[in-house]
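Examination of the molecular architecture
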Amino acid sequence: MLTSKISKVSKVVICGAKGVGKTAILEQLIYGNVTIDSELHSTIEDTYVASVDTGKGSRDMLRIYDTAGLQGNVQLPRHYLLYPDAFIVVYDPSDPASLDMLAGIKSDIDKYKEKKEIIIIVIANMRSRNPRTVGTSPNNEGSPNGNHQQQHHLNGGSNQMSSSDMIESNLNRANNWCARERIKHYTVNAMERASLYEPFVQLAIRLYPTQTKSSFQLRQLTGQKASRVDNS
């Protein structure tokens, strides 16, 4: 809506493993110009500004910092952990290593947030990679591991899991972990712009909660004042 008022700007960092589709999500969300044939280069650092209509009569602004993808035991640089109001952590359900990074990233955020309330949401990007068949072991049903190292255990190919079964298993792992950590978990497709709206709208609503004013106290104080005047 062109008539909507613009409020303050909240700072959001989007992070996750390399190649999970962080930039594709932002480009699609803001510009709607990403297709399966789009060529997106690896991000070093970039900034986007999103104007989100949450239905409150004002457009809430998100300044989103796109970060370089993490690999192996590389951690999110410390300066990204100090200033944001919220974090968006993206993973690829077809890549167990990207899922295993979630716990390590959250641990780093908790370490530096001090007493500041930080919002974290997790996004599963369903179309960041091509489907494939991989070997996996039953212990992949556990929670994400508490470090940034790849923890995908192979069993020599004796137990082949189809791509769809593996994705379903990883989504269940992520759902269970997010439930324990009380983190919102969303499933999106970077190729479908409409699927991206909910997590960003819900994030803006949490960052910009509706301010409610109580008229009860005002009436109570007015009544007390009138009573004192009447008794004088």
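Refer to the structure above for everything that follows.
Residues numbered from 1 in each chain as written. Predicted model: local features only at pLDDT ≥ 70, side-chain atom pairs only at ≥ 80, totals over all residues. Heavy atoms only, no water.

**Here we look at helix α5 (residues 197-207)**
Quick reminder: α-helices carry 3.6 residues per turn. Residues three or four places apart thus point the same way. To be explicit about the condition: For every residue, the accessible area obtained with a 1.4 Å probe (protein chains only) is divided by the maximum for its type, and the residue is called buried under 20%, exposed over 50%, and partly exposed between those limits. Helix numbers and strand numbers start at the N terminus; a helix is a DSSP run of H or I with at least 4 residues, a strand a run of E with at least 2. The arc refers to the directions leading from the helix axis to the C-beta atoms.
Among the residues making up α5, those that are buried are P199, F200, L203, A204 and L207. Axial view of α5: buried residues confined to an arc of 130 degrees, hence all on one face.

**Overview of helix α1 (residues 22-31)**
Buried residues dominate α1, accounting for eight of its ten residues. Turning to α1, its buried residues number three or more, namely K22, T23, A24, I25, L26, E27, Q28 and L29. Directly after α1, the chain includes G32, whose backbone phi takes a positive value near 65 degrees.

**Some details on the side chain of S98**
Short version of the rule: For the purposes of these results, a polar contact is taken to be a pair of N or O atoms within 3.5 Å, where, inside protein, one atom must be able to donate a hydrogen and its partner to accept one; residues adjacent in sequence count only when each atom of the pair is a side-chain atom. Contacts are assigned to residue pairs that have any heavy atoms within 4.5 Å of one another.
Along the chain, S98 falls in helix α3 (residues 96-112). S98 gets classed as buried once you look at its relative accessible area, which sits at 1%. Of note is the side chain of S98, whose polar atom sits 2.8 Å from the backbone oxygen of D95. Not counting the four nearest positions on each side in its chain, S98 is found in contact with A17, V20, Y91 and D92.

**Notes on the packing of aromatic side chains**
The following threshold applies: When the centres of two rings from Phe, Tyr and Trp lie within 6.5 Å, Trp using its six-membered ring, the rings pair. Their planes under 30 degrees apart give stacked, over 60 give edge-to-face, and anything left gives tilted.
Tallied over the entire structure, the rule returns one aromatic pair. Ring geometry for Y65 versus Y83: centroids 5.2 Å apart, planes at 75 degrees, classification edge-to-face. Taken together, the residues Y65 in strand β3 (residues 58-67) and Y83 in the loop between α2 (79-82) and β4 (86-91) connect sequence positions 18 residues apart. The buried category is assigned to Y65, whose relative accessible area is 16%. The class of Y83 is partly exposed, set by a relative accessible area of 26%.

**Quick notes on the nonpolar core**
Put simply, the test is: By nonpolar core is meant a set of buried Ala, Val, Leu, Ile, Met, Phe, Trp, Tyr and Cys residues that side-chain atoms within 4.5 Å join together.
L62, I64, F87, I88, I123 and F200 are the most contacted members of the largest nonpolar core, which totals 55 residues. Apart from residues lying up to four places away in sequence, I88 is in contact with V12, V13, I14, C15, I121, I123, F200 and L203.

**Looking at the pattern of salt bridges**
To keep things clear, this is the line we draw: By convention in these notes, a salt bridge is any Lys or Arg side-chain nitrogen within 4 Å of a carboxyl oxygen on Asp or Glu.
This structure, assessed with the given rule, holds five salt bridges. Across the pair K106 and E181 runs a salt bridge, and its minimum N-O distance is 3.3 Å. Of this pair, K106 sits in helix α3 while E181 sits in helix α4 (residues 163-181), placing them 75 residues apart in sequence. Between D108 and K111 there is a salt bridge whose closest N-O contact spans 3.9 Å. One end of the pair, D108, and the other, K111, are both in helix α3, three residues apart, so they sit about a helical turn from each other.

**Brief notes about the environment of A174**
Considering the arrangement of structural elements, one finds A174 in helix α4. A relative accessible area of 0% means that A174 is categorised as buried. For the pair A174 and L99, spaced 75 residues apart in sequence, the C-alpha separation works out to 7.2 Å. Once residues within four sequence positions are removed from consideration, A174 is found in contact with Y91, L99 and H185.

**Observations concerning the pairing of β3**
Heads up, the condition is: Two strands qualify as a pair provided that DSSP identifies no fewer than 2 bridges between them.
The buried fraction of β3 is high, at eight of ten residues. As defined by bridge partners, strand β2 (residues 45-53) adjoins β3 across nine bridges and the pair is classed as antiparallel. Its bridge partner lying in β3, V52 is registered against D60. The loop that links β2 with its antiparallel partner β3 comprises four residues; one of these, G55, has a positive phi angle of about 80 degrees.

**Some words on the packing of α3 against α4**
Convention followed: Inter-axis angles, ranging from 0 to 180 degrees, are taken between N-to-C directions of lines fitted to C-alpha atoms, where helices are fitted over the stretch in contact. Orientation is classified from the angle alone, with under 35 degrees giving roughly parallel, over 145 giving roughly antiparallel, 65 to 115 giving roughly perpendicular, and any other angle giving oblique. Charged means Asp, Glu, Lys or Arg here, nonpolar means Ala, Val, Leu, Ile, Met, Phe, Trp, Tyr, Cys or Pro, and polar covers whatever is left, Gly included.
In the contact formed by α3 and α4, the axes pass within 10 Å of each other and the chain directions differ by 10 degrees. Taken together, α3 and α4 sit at an angle that is classed as roughly parallel. Together, P96, L99, D100, L102, A103 and K106 of α3 and M166, N170, R173, A174, W177 and E181 of α4 make up the contact between the two elements. For the contact of α3 with α4, the per-class residue count stands at seven nonpolar, one polar and four charged.

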